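Listed below, chain by chain, are the residues.
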Amino acid sequence: MPAIVGVAQVITLGSSSVFHIGDVYKIMPFSTAKTFSGAGSFNTGDSIQLQNNVSSTNTNDSDVFDQGIALNA
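Computed from a predicted model, the values in this text were never measured in an experiment.

**Regarding the overall build of the protein chain**
Summing up its helical and strand segments, the protein chain has 0 helices and 0 strands in all. Relative to its length of 73 residues, the protein chain is extended, with a C-alpha radius of gyration of 19 Å against a globular reference of 11 Å. Seen through its C-alpha atoms, the protein chain measures out along the principal axes to roughly 50 × 40 × 25 Å. In the protein chain, which comprises 73 residues, the share counted as buried stands at 1%. Accessible surface computed for the protein chain: about 7,200 Å², of which carbon and sulfur atoms make up 51%.

About the thresholds
All chains use their own residue numbering, which begins from 1 and follows the written sequence. Per-residue local features are limited, in this predicted model, to residues with pLDDT of at least 70; the limit for side-chain atom pairs, both in listing and counting, is 80 or more; totals at the level of whole chains, interfaces and linings are taken over all residues. Derived side-chain values reflect all non-hydrogen atoms in the structure, with water molecules and hydrogen atoms excluded from consideration. A run of DSSP states H or I qualifies as a helix once it reaches four residues; a run of E qualifies as a strand once it reaches two. Both are numbered from the N-terminal end. For the radius of gyration, the atom set is restricted to C-alpha positions; the globular benchmark scales as 2.2 Å times the number of residues to the power 0.38. Note on exposure labels: buried denotes an accessible area under 20% of the residue type's maximum, exposed denotes more than 50%, and partly exposed covers the range between, all computed with a 1.4 Å probe on protein chains only. All accessible areas in this document rest on Shrake-Rupley with a 1.4 Å probe, and a residue is counted as covered only by the protein chains that are shown.

What follows is the structure in C-alpha cells.
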C-alpha cells in the first residue's frame, strides 16, 4: 500500500542495519550475529533489583548454520 511519509531524520545506522520506509519486496541481511546472555543482562535503569538464584544460559547449538546469507549480495 503506498504511503506518504513526512520528515525522517536518521542520525546513524550500523553496518548491518536496515532502515525501511514504505513498501518492500525483500529485505536481505548482509551479516548475522548470535548473542547469548543470562538473566538480567540487558536491564537498564536507575535502580534495578534482580534476584537470580539459580540460572544458566544454554549455549549449546547443534546446527551449523542458523540463517544462510550466501546469496544476499
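Anyway, onward from the coordinates.
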